[in-house]
Amino acid sequence: MPLSIYNSYSRTKEVFEPITPGHVGMYVCGPTVSGESHLGHARPYITFDVVYRYLTYKQFKVRYVRNITDAGHFEEEGREAEDKVGKKALLEKLEPMELVQKYTNLFHWAMKEFNCIEPSIEPTATGHIVEQINMIETLIEKGFAYVQNGSVYFDVKKYAAEHEYGKLSGRIIDELLHAEARDNTTRTLEGQDEKRDSADFALWKAAPPEHIMRWKSPWGEGFPGWHIECSAMATKYLGASFDIHGGGMDLLFPHHESEIAQSTICNHVAPVKYWMHNNMITINGRKMGKSYNNVIKLTELFSGNHPLLTQAFHPMTVRFFILQSHYRSPLDFSSEALASSEKALKRLWEAYEVLKKISPIENAAAKDAALEEKVKNWLEEMEQFMDDDFSSPKVLANMFELAPIINSIKDQLIGIDAISHHTLMLMKERFAVFLEDIFGLKATEAGNNEVLQSVMDLLIDIRKESKAKKDFATSDKIRNQLNQLGIQLKDEKDGSTSWGLA
RNA sequence: GGUCCUGUGGCCGAGUGGCUAGGCUAAGCUCUGCAAAAGCUUCUACAGCGGUUCGAAUCCGCUCGGGACCUCCA
């Protein structure tokens, strides 16, 4: 079964066929590093990390480009961006690169916590000013952009005459062009009156004197518009047209729509074959976003330090929570939902640990043919589900079907020869590949240390002796005290005792 | 106002027209010195009203509710 991807552009699922066989070029809109990442940001990066991992699993050679937006109108909350004309001492002033560095570091830290693989290339907007200026010059030469008071705008009306502007985002071009006709609820942007048409968007903005980020350009000092950076960097590293462009649904318009327009004019081809958009994370049914004032920052999530959180959540819990829903569905956040994911992940992961320790008997035949059939089917479906537009929730559902079987084998409620040697080996392989390689989950336990292991062995031994002597006071003390320390003892069916972090 | 999405059991969430995912919670049972863990079992569903169909949560229409985008935004 071939891989199918839902293409936002055609609004249908399409069979994935890369432009260059065996290779995939993938661009994902990265963070704007003027503030701290929040839970909402986690979704695209985890979603496309899984896409990247799955494509790699499918033997594609993937070049994954994810940018850092570090140019634009930057300010940091609580710090004055206005005063750079020299009243304040140098160290008191907002230094843009300091700010950018701070939030870039924080972003990278979060990605590591989430176990996201680094992209192949992580270009910055400030590092590609030249490419952006070149692209804008081309647009002017071709007559699709015009200069106005040191700023440059893209001529949407002219573009729309020959191309489908608005197709990706389902916009009606006439309405965009006559926006003033409708009741004007939209915010008035600075320099709006410079535009020939309100639908036009900025490619380059002249920097007012107090603007802290500025570069020289043919049109005077200024800074690049938001959309041009992605077009310039994607073109540079992935070519005029590439396979996958990803990002959040909220970027459909105007960001991605504009990217298509710019790149199409400059490169004479549609830039992207498959557009992929993840849905939003909501909180109380409302999108999590700065403007709604309802964000939970990742640092708050990991520490539990937020009024809406009843506890701290491990990055892997968050990752699992995101994988439990399909990436194109909205996902509603609550502390309760996350807590339930935490338990679910723990259960699944423990079953996986058990599975790793099961040693199949060579040449075991499948004594329970019906079970053998079911298990084989669940395992085979896993890849089919991922091939169907990355349906991670279904894969996880199958794993949960398998978990009781794994535990029953351990407890000898199901014989190890009930299913064939081959299927058991396949199960070990599928769990490892899907859980670790594709879903990018990893053990949350910090207890893999030899000294602790020895101490635990000792305690378990003492407890066993106490129980043999019916000295339950001592055995319960060991069990209960450990429990308070966050260590859970599990008495197995065979009389042994294992332990894990609760 | 425009474009689009969405409404599933206590909660979260899959669902390609027929065989009613999965997780969490709750209850009962098994195992256990008692627990925990594990296993087994069970309950409350498809917003409402019409229509198409032999058959609809799934397709169509209407009503009601929620959301996203139209502005920086993952």
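Residues numbered from 1 in each chain as written. Chains lettered and ligands numbered in written order. Predicted model: local features only at pLDDT ≥ 70, side-chain atom pairs only at ≥ 80, totals over all residues. Heavy atoms only, no water.

Colleague: Can you explain the sheet that holds strand 12 (residues 286-287)? Please cite residues and give values.
Modeller: If you walk across this open sheet you meet the three strands as 12-11-13, and the pairing is mixed. Because the sheet does not close on itself, it has two edges, and the strands there are strand 12 and strand 13 (331-333). In terms of strand pairing, strand 11 (residues 281-283) meets strand 12 through two bridges, oriented antiparallel. Within strand 12, the residue paired with T282 across the bridge is K287. (Pairing = 2+ DSSP bridges. Helix = DSSP H or I, 4+ residues; strand = E, 2+ residues; numbered from the N terminus.)

Colleague: Give a description of the pairing of strand 15 (residues 497-501) that names residues and reports values.
Modeller: In regular strands, side chains alternate between the two faces of the sheet. Pairing of strand 14 (residues 487-491) with strand 15 involves five bridges; the strand directions are antiparallel. Note that in strand 15 the partner of D491 across the bridge is T497.

Colleague: So what about the protein's contact with RNA strand B? Which residues, and what values?
Modeller: Residues in close proximity to RNA strand B total 63 residues, the closest being W226, G248, L251, K287 and D491. Within 4 Å of the protein, the atoms of RNA strand B are drawn from sugar and phosphate moieties in a proportion of 68%. Here H41 contributes a side-chain N or O atom positioned 2.6 Å from a phosphate oxygen of RNA strand B. Side-chain polar atom of E401 to a phosphate oxygen of RNA strand B: 2.9 Å apart, as the coordinates give it. (Near = heavy atom within 4 Å. Polar contact = N/O pair within 3.5 Å; in protein donor to acceptor, adjacent residues only side chain to side chain.)

Colleague: Go over the pattern of salt bridges, please, and point to the residues and values.
Modeller: Following the criterion strictly, the structure yields 22 salt bridges and no others. Between E353 and K356 there is a salt bridge whose closest N-O contact spans 3.9 Å. Here the residue E353 and the residue K356 both occupy positions in helix 10 (residues 335-357), the gap between them amounting to three residues, near one helical turn. For the salt bridge of D476 with R479, the shortest nitrogen-to-oxygen distance reads 3.7 Å. With D476 and R479 both in helix 15 (residues 472-484), this residue pair falls three residues apart, about one helical turn. Put simply, K58, E383, D387, E429 and R430 are held in one network by salt bridges that share partners. (Salt bridge = Lys/Arg side-chain N within 4 Å of Asp/Glu carboxyl O.)

Colleague: Describe in detail the domain arrangement of chain A, supporting the description with residues and values.
Modeller: Considered domain by domain, chain A is made up of domain 1 (4-278), domain 2 (283-438) and domain 3 (450-501). On a C-alpha basis, the centres of domain 1 and domain 2 stand 34 Å from each other. In this complex, domain 1 contributes 32 residues to the contact, which on the side of domain 2 involves 35 residues. Taking both sides of the interface into account, the surface hidden between domain 1 and domain 2 amounts to around 3,200 Å²; carbon and sulfur atoms contribute 63%. (Domains from an automatic or database assignment. Contact = heavy atoms within 4.5 Å. Buried area = accessible area lost by both parts, 1.4 Å probe.)

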